[in-house]
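# Per-entry structural report
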Amino acid sequence: MRERSRPRGRREAGGGGGAGGAEASPRGERRGDPAAGGGRGPAMEEGAADLRQRKKQNCSESDKMAPEQRNKENSKLGRSPKYMLIQRFAKLFFGCLAAVTSGMMYSVYLSTYHERKFWFSSRQELEREITFQGDSAIYYSFYKELLKAPSFERGVYELTHNNKTVSLKTINAVQQMTLYPELIASVLYQASGSEEVIEPVYFYIGIVFGLQGIYVTALFVTSWVMSGTWLAGMLTVAWFIINRTDTTRIDYSIPSRENWALPYFACQVAALTGYLKKNLNCSAEKFCYLLVNASTYTFMMMWEYSHYLLFVQAISLFLLDSFALAQTEKVHEVYKIYLFSLFLGYLLQFENSALLVSPLLSFVAALMLSKCIQMNMKKGTIMSRLLKIMYIYLVLTVAVTLNFLLKMFVPHKENEHLLKFIEVKLGLNTTKNFTMNWLLCQESLQAPSQDFFLRLTQSSLLPFYILVLIICLFSVTQVIFRRICGEPLKETVKLEDGRIGERPEIVYHVIHTILLGCLAMCLEGMKYLWTPYVCMLAAFGVCSPELWMTLFKWLRLKAVHPILLALILSMAVPTIIGFSLWKEFFPRIMTELTELQEFYDPDTVELMTWIKRQAPVAAVFAGSPQLMGVIKLCTGWMVSSLPLYNDDDLLKRNENIYQIYSKRSAEDIYKILTSYKANFLVIEDSICNEVGPVRGCRVKDLLDIANGHVYTREAPVTSKQSQVVCEEDDNYAYSKYGRFCHEIKMNYSPYVNYFTRVYWNRSYFVYRINTVISFQS
């Protein structure tokens, strides 16, 4: 039994303090007994051991008492224990079957849609590889290199000491590009003996599609655990697929890191949801705890930005614990999982210093330290009471201080451009820097458009999410007010109580979706993290009798029995929603699967074919980073830059090589390219003659701004301001040189002295960079 009535911060014999946080002693034993020793010195060790012993006893007692209580309830209802056991088993079996089937069907759907879109089965290997664009091409190219290596160990060594990808640069590709997914995929492909059964590309994308199926299954289970009915899981999957444009990037970039990582995070959230539940039997609690451990660590290994998302989750748990709405011991066990994952990740990611200076580590360390101070503070003193009031402030202060100290003493190469981007995005700074302005112009880093909200509204997702969120928030507010007034939380919340805000797993998801929603309102790319959990929370709400009962408690219904009406609505509303979604969106989904699309890029195919046949093996190519990724994948030739944005040196290279689209002299461009040992230059007509929807965000506009070749206001370039920046061509300041990508096509001096055209088609112009023995400035 757990006692929840004691004030927050009280502890027993050295155990953790906080309302709902410590295990209660047997009935009749007073908490905070002076005989417990105050939790200091030898008494702390004895108290901790005593607490652990009582936890084990309480677990065993609860496991034994649960069947007895259920038997008593069943005897009152006239049901035999055998009948109830069969009923529960059937519910669990069909729920699991529905969850697994949903995941498998979604994987099949993605595979079919991908085949219809790209005609993979009828294309040659080169044409298939061209479908991987930008950073996706780089990730898949390393997967190919691992398969070509004479042994797995040799392949890993070549990736960790890679000097055949970027000219004049040796990189640890496994650490810098987080290639653990490719390592796992290559091991599975070779160990399973799939070489003679399936082609490498099908095996690779098959794993990604399979993970997406696990993603959907985890969301299904989370909604099921929260609502108690797998009907909520079915509705979650339906909304997820219908809003696929806003829930996943799988259509645009299959090998991207988030497509590998987010399924594990969804599994972690599902396990955490079960772990936070009240009155959970010990075996289920241990299973959820182990699953949270495994999924948290795996998630951290799959994505270099995973610790930021875990930081948002840690804030959610911190607020949950601060309001005394969850068991403190469980929350602190999750904090320990964070610390363990960070430590293990630091070791296995080649001592990745970014994890040491991450906000997650500083925040969790501050939480543990502040809780330790609070536990060891003498009870009843002015300082202890003041500490309870200032607890949140103390945690934030210690976290900021720790992070500052770590950055001072730990050598790290944290992405400083991210901090600069945040400053410019928030209007705290201005810049003419090409990289910063280019990032600001990316659609994923803009505020979400009205079309995004319109799509969510048309699928009825957004209205129901807002309804569920409002009800849960009001209920949570009521619970917090009761806790402030000294009213204890109920050990078991029944349907007739109408207190959905007392369930810790519900409060966690409410806080989590609000935090992710705030990020999504600032950056459209964050919608891929927020929208899936919007689907899950909305589906849980409309299928949960407790939520409807909470609403009816406020309305004080008398004409109809509220419990009966809540049970009816929890079945009727999702059924009506499901039928309406089926009628409106199912034909569209079937049309997507039956309609043959065509993705064919003959100019790129011709370019790659020419490079493989005509270019020397030791040649180095220069051009836009996106094209360089495709060249590296399709030909294996060395390039001068890569479409990666987590390395300052690569960002500087990209900016320098992009100068081929600026108003610079042939001499300047020649010096830049030869400094990177480039032998061939590829100019893309689509960039040189770009007529994008927002002129100020074109590459050549951003270069002119950075080089001072255009008049601008002292303000960051955004999609709105860019319409004013370069409205007409006469806005350009004087430059005695024309745009390089235009002038080089004219084949006149001095351009022909430095560059010789060797190949061209409708989209690409390839120039050999001439070897000059001496050059006069």
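Residues numbered from 1 in each chain as written. Predicted model: local features only at pLDDT ≥ 70, side-chain atom pairs only at ≥ 80, totals over all residues. Heavy atoms only, no water.

## Topic: the overall build of the chain
Of the regular secondary structure elements, the chain holds 35 helices and five strands. In the chain, buried positions account for 52% of the 777 residues. Within the chain, contacts between residues at least 6 apart in sequence are counted, and of these 72% link residues at least 24 apart. Carbon and sulfur atoms make up 62% of the accessible area of the chain, which totals about 36,100 Å². (Helix = DSSP H or I, 4+ residues; strand = E, 2+ residues; numbered from the N terminus. Buried < 20%, exposed > 50% of the residue type's maximum accessible area, 1.4 Å probe, protein only. Contact = heavy atoms within 4.5 Å. Areas by Shrake-Rupley, 256 points an atom, 1.4 Å probe, with all protein chains shown as cover.)

## A few points about the pairing of strand β3 (residues 680-684)
Across the five residues of β3, five count as buried, placing the element largely inside the fold. Two elements, strand β1 (residues 620-622) and β3, share two bridges in a ladder whose sense is parallel. If you follow Phe621 over to β3, its bridge partner there is Phe680. One ladder, built from five bridges, connects β3 with strand β5 (residues 764-769); its direction is antiparallel. Counted as the bridge partner of Leu681 is Tyr767 from β5. (Pairing = 2+ DSSP bridges.)

## Quick look at the pattern of salt bridges
For the coordinates displayed, the defined rule picks out 26 salt bridges. Ionic pairing is found between Glu333 and Lys336, a salt bridge with its closest N-O pair at 3.5 Å. Here Lys336 and Glu333 lie together in helix α14 (residues 328-348), a separation of three residues that amounts to about one turn. The partly exposed category is assigned to Glu333, whose relative accessible area is 23%. What makes Lys336 partly exposed here is its relative accessible area of 43%. (Salt bridge = Lys/Arg side-chain N within 4 Å of Asp/Glu carboxyl O.)

## Some details on the packing of helix α27 (residues 602-614) against helix α28 (residues 625-635)
For the pair α27 and α28, the least separation of the axes is 10 Å and the interaxial angle reads 55°. Taken as axis vectors, α27 and α28 run oblique relative to one another. Note on packing geometry: the crossing formed by α27 with α28 is right-handed. For the pair formed by α27 and α28, the contact residues are Thr604, Leu607, Met608, Ile611 and Lys612 on the first element and Leu627, Val630, Ile631, Cys634 and Thr635 on the second. Each residue belonging to the contact of α27 with α28 can be placed in one class, and the counts come to seven nonpolar, two polar and one charged. (Axes fitted to C-alpha atoms, helices over the stretch in contact; angles between N-to-C directions. Parallel < 35°, antiparallel > 145°, perpendicular 65-115°, else oblique. Left-handed = near helix turned anticlockwise from the far one by under 90°. Nonpolar A, V, L, I, M, F, W, Y, C, P; charged D, E, K, R; others polar.)

## Looking at unusual backbone geometry
Backbone phi values are negative for most residues with the exception of glycine, while trans is the configuration of most peptide bonds. Omega for the bond connecting Ser749 with Pro750 falls within 30 degrees of zero, at 5°, which places this linkage in the cis form. Secondary-structure assignment places Pro750 in the loop between α34 (740-743) and α35 (751-754). With a phi angle near 60°, Phe350 is a residue other than glycine that sits in the positive phi range. Mapped onto the fold, Phe350 is located in the loop between α14 and α15 (353-356). Notably, Ser460 is not glycine yet its phi reads approximately 65°, a positive angle. For Ser460, the location among the structural elements is in the loop between α21 (450-458) and α22 (461-484).

## Considering the packing of helix α13 (residues 306-322) against α14
At a minimum axis separation of 10 Å, α13 and α14 run at an interaxial angle of 160°. Accordingly, the angle class assigned to the pair α13 and α14 is roughly antiparallel. Where α13 crosses over α14, the two elements pack in a sense that is left-handed. Residues Leu310, Gln313, Ala314, Leu317, Phe318 and Asp321 of α13 form the contact with α14, whose own contacting residues are Thr328, Val331, His332, Val334, Tyr335 and Tyr338.

## Quick look at the packing of aromatic side chains
Applying the stated criterion across every chain, the model contains 42 aromatic pairs. Between the aromatic rings of Tyr275 and Tyr289, the centroid separation amounts to 5.9 Å while the plane-to-plane angle is 40°, which identifies the pairing as tilted. Placement of the pair is Tyr275 in helix α11 (residues 257-276) and Tyr289 in helix α12 (residues 282-302), with a sequence separation of 14 residues. Accessibility expressed as a relative area gives 26% for Tyr289, which makes it partly exposed. Positioned above the aromatic ring of Tyr113 is the side chain of Arg244, whose terminal nitrogen or guanidinium carbon lies 4.9 Å from the ring centre. Lying across the ring of Tyr139, Arg257 places its NZ or CZ 3.8 Å from the centre. (Phe/Tyr/Trp six-rings, centres within 6.5 Å; stacked < 30°, edge-to-face > 60°. Lys NZ or Arg CZ within 6 Å of the ring centre and 35° of its normal.)

## Things to note about the confidence of the model for the chain
Taken over all residues, the pLDDT of the chain has a mean of 82, while the share at 70 or more is 82%. Put simply, helix α33 (residues 722-725) is where the chain has its lowest mean pLDDT, 36, and β1 is where it has its highest, 96. Note on residues 711-732: pLDDT is under 50 here. Beyond four places in sequence and across chains, it has 50 contacts. In the model, residues 773-777 has pLDDT below 50 throughout and makes six contacts with residues more than four positions away in sequence or in other chains. (pLDDT = per-residue confidence, 0-100.)

## Describing a nonpolar patch on the surface
A cluster of nonpolar side chains, namely Phe89, Phe93, Phe94, Leu97, Trp230 and Met234, defines an oily patch on the protein surface of about 610 Å² accessible area. Contributing elements (two or more residues each) for the nonpolar patch: α2 (81-118) and α9 (230-242). Of the residues forming the nonpolar patch, the biggest block, four residues, is contributed by α2. Here Phe94 is to be found in helix α2. The partly exposed category is assigned to Phe94, whose relative accessible area is 46%. (Patch = residues over 30% accessible without salt bridge, like charges linked within 9 Å, V, L, I, M, F, W, Y side chains within 5 Å.)

## A look at the nonpolar core
Core analysis: the largest hydrophobic core is formed by 168 residues, its most contacted members being Met177, Trp239, Leu317, Tyr338, Leu607 and Phe621. The leading source of residues in this core is helix α8 (residues 200-227), at 15 residues. The contacts of Phe621, once residues within four sequence positions are left out, are Ile611, Ala615, Met628, Trp637, Met638, Val639, Ser640, Phe680 and Val682. Among the nonpolar cores identified, the runner-up in size contains 38 residues, and Leu440, Ala622, Leu681 and Phe740 belong to it. (Core = buried A, V, L, I, M, F, W, Y, C linked by side-chain atoms within 4.5 Å.)

## Brief notes about the environment of Gly738
Positionally, Gly738 belongs in the loop between α33 and α34. Classification of Gly738 by relative accessible area gives partly exposed; the value is 24%. Between the C-alpha atoms of Gly738 and Ser665, which are 73 residues apart in sequence, the distance is 7.9 Å. With sequence-adjacent residues up to four places away left out, Gly738 is seen in contact with Ser662, Lys663, Arg664 and Glu743.

## Regarding the pairing of β5
Each regular strand shows side chains that alternate between the opposite faces of the sheet. Most of β5 is tucked away, with five of its six residues classed as buried. Pairing of strand β4 (residues 755-760) with β5 involves five bridges; the strand directions are antiparallel. Across the sheet, Phe755 pairs through a bridge with Ile769, a residue of β5. The hairpin formed by β4 and β5 contains three residues between the paired strands.

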